[in-house]
Amino acid sequence: MGLLERLRKEWFILGIVLVIAVARLEPGVGVKGGPLKPEITITYIAVSAIFFNSGLSLKTEELTSALMHVKLHLFVQIFTLVFFPTAIWVFLQLLSITPINEWLLKGLQTVGCMPPPVSSAVILTKAVGGNEGIVITPLLLLLFLGSSSSVPFTSIFSQLFMTVVVPLIIGQIVRRYIKDWLERKKPPFGAISSCVLLMIIYTTFCDTFANPNIDLDKFSLIIIVFIIFSVQMSFMFLTFLFSTRNSSTFTPADTVAIVFCSTHKSLTLGIPMLKIVFAGYEHLSLISVPLLIYHPAQILLGSLLVPTIKSWMVSRQKALKLTRQPKAPVKV
């Protein structure tokens, strides 16, 4: 793959770097009360647009079919929304005595609370040839994050409902009437959501750079990057071991879905969620940093592991097929 093709493929990650750089150069444009009026255009319009777009693109019939894999979904849900955030919480108790920036540590906890994405995990699972095992429970995510927020829970819930649930439902209703046109034209839903997400990231960092009291030391940032890569690799290895143990009934394709879906976290849902739950926090951008690092890290690690996991899955499936074949009768 040439350099230009690689840059075109990873344009969103480059976009994140670019909007943060632009926010650093001219933070006044995207700050609260600035020309872009992010308190209206981002908090309500942009977030709603992302989930309306998700409603349009979500193929309910495929989701219904995927939900038939009850055991797989149960494993992914428990690992993602119970084990993952709990393990991170225990780990952060140890890190709290270190000089690492406390807001970056809070950001690590929010990463642990995020559900798996309907993008990277699915794409990587398809690249290998596995099953799609994803069920997103934003309400549980909100409950986990709500205890750390200064915003009343009722306010968080109402804004979540109006900017996430309602647009998602409307998108699904609209999809019913224009389904054939969507199937024929195939609009770039992913690119549209990514562009809106870049706007949200830009305004978040505008608030940060406009505040002289916020400082991010390089030591903390480097340690957080190391922790994120270590956590991802450790959890991928852990889910692989658990789903391939002798007493496991998971197929090789199920294992692929478990490894990717249990360890990947949603940036598309995560950033708007943080914007709602931590509204008014001057350190919101620092809380967002670990999730912004986790996103490219999971894509990088996933891309590197796809060939290896695909090779394992193919050989494993062949081995299982041979063991299930009836033995030919021995002629006397």
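Focus: the overall build of the protein chain
When you go through the protein chain residue by residue, the secondary structure sums to 14 helices and zero strands. Reading the protein chain from its N end, one meets helices and strands in the order α-α-α-α-α-α-α-α-α-α-α-α-α-α. Among the 332 residues that make up the protein chain, the fraction classed as buried is 45%. Within the protein chain, contacts between residues at least 6 apart in sequence are counted, and of these 83% link residues at least 24 apart. In the form shown here, the protein chain has an accessible surface area of approximately 17600 Å², with 69% of it arising from carbon and sulfur atoms.

Quick notes on the pattern of salt bridges
The tally for this structure, following the rule as stated, stands at one salt bridge. Between E183 and R175 there is a salt bridge whose closest N-O contact spans 3.2 Å. With relative accessibility at 29%, the residue E183 sits in the partly exposed group. Residue R175 is classed as buried on the basis of its relative accessible area, which comes to 6%.

Some points on the environment of F242
You can see F242 is positioned in helix α11 (residues 218–243). Residues F242 and I258 lie 16 residues apart in sequence; the distance between their C-alpha atoms is 9.7 Å. With near-sequence residues (within four places) excluded, F242 lies in contact with F75 and S248.

Some points on unusual backbone geometry
Backbone phi values are negative for most residues with the exception of glycine, while trans is the configuration of most peptide bonds. Its identity as a non-glycine residue notwithstanding, K37 has a phi of 50 degrees, on the positive side. Note that K37 resides in the loop between α2 (11–25) and α3 (38–57). Its relative accessible area of 40% is what places K37 among the partly exposed residues. Here K186, not a glycine, exhibits a phi torsion of approximately 50 degrees, which is positive. When you line up the elements, K186 lands in the loop between α9 (153–185) and α10 (189–209).

Here's the deal with the nonpolar core
L197, I200, I201, I224, L267 and I271 are the most contacted members of the largest nonpolar core, which has 62 residues in total. With nine residues, the single largest contributor to this core is helix α14 (residues 284–324). Residues within four places of I224 in sequence aside, it is in contact with I100, L104, L105, L108, P290 and I293. Residues M236, A253, V256 and M313 belong to the second largest nonpolar core, which totals eight residues.

What about α3?
At I45, α3 is deflected by roughly 25 degrees, the largest bend along its length. Taken together, the buried positions of α3 are P38, I42, T43, A46, V47, S48, I50, F51, N53, G55 and L56.

Quick look at the packing of aromatic side chains
In total, this model carries eleven aromatic pairs according to the counting rule given. A ring pair is formed by F205 and F209, whose centres lie 6.1 Å apart and whose planes are at 40 degrees; its orientation type is tilted. You can see F205 and its partner F209 sitting in helix α10, four residues apart, about one turn around the helix. In this structure F205 comes out as buried when scored by relative accessible area, which is 7%. Note that R245 overlies the ring of F242, its terminal NZ or CZ placed 4.1 Å from the centroid. The cationic tip of K265 hangs over the ring face of F84; the distance from NZ or CZ to the ring centre is 4.1 Å.

Some points on the environment of S288
Within the secondary structure, S288 sits in helix α14. Distance from S288 to G270, taken between C-alpha atoms, is 8.7 Å for residues 18 residues apart in sequence. In contact with S288, other than residues within four places in its own chain, are T204, I271 and L274.

Things to note about the side chain of S288
Overall, S288 belongs to the buried group, its relative accessible area being 4%. A distance of 2.8 Å separates a polar side-chain atom of S288 from the backbone oxygen of L284.

Topic: helix α12 (residues 252–263)
In a regular helix each residue adds 1.5 Å, so twelve residues correspond to 16 Å; α12 covers 17 Å between its end C-alpha atoms and thus fits that length. Most of α12 is tucked away, with twelve of its twelve residues classed as buried. Looking at α12, one finds that the buried residues are P252, A253, D254, T255, V256, A257, I258, V259, F260, C261, S262 and T263.

Some details on the side chain of Q232
Structurally, Q232 is set in helix α11. Relative accessible area serves as the criterion here: at 1%, Q232 is assigned to the buried category. If sequence neighbours within four positions are ignored, Q232 has contacts with Y294, A297, Q298 and L301.

Cut-offs and rules
- Residues numbered from 1 in each chain as written.
- Predicted model: local features only at pLDDT ≥ 70, side-chain atom pairs only at ≥ 80, totals over all residues.
- Heavy atoms only, no water.
- Helix = DSSP H or I, 4+ residues; strand = E, 2+ residues; numbered from the N terminus.
- Buried < 20%, exposed > 50% of the residue type's maximum accessible area, 1.4 Å probe, protein only.
- Contact = heavy atoms within 4.5 Å.
- Areas by Shrake-Rupley, 256 points an atom, 1.4 Å probe, with all protein chains shown as cover.
- Salt bridge = Lys/Arg side-chain N within 4 Å of Asp/Glu carboxyl O.
- Core = buried A, V, L, I, M, F, W, Y, C linked by side-chain atoms within 4.5 Å.
- Bend = angle between axes of the 7 residues up to and from the residue.
- Phe/Tyr/Trp six-rings, centres within 6.5 Å; stacked < 30°, edge-to-face > 60°.
- Lys NZ or Arg CZ within 6 Å of the ring centre and 35° of its normal.
- Polar contact = N/O pair within 3.5 Å; in protein donor to acceptor, adjacent residues only side chain to side chain.
- Expected span 1.5 Å × (residues − 1).

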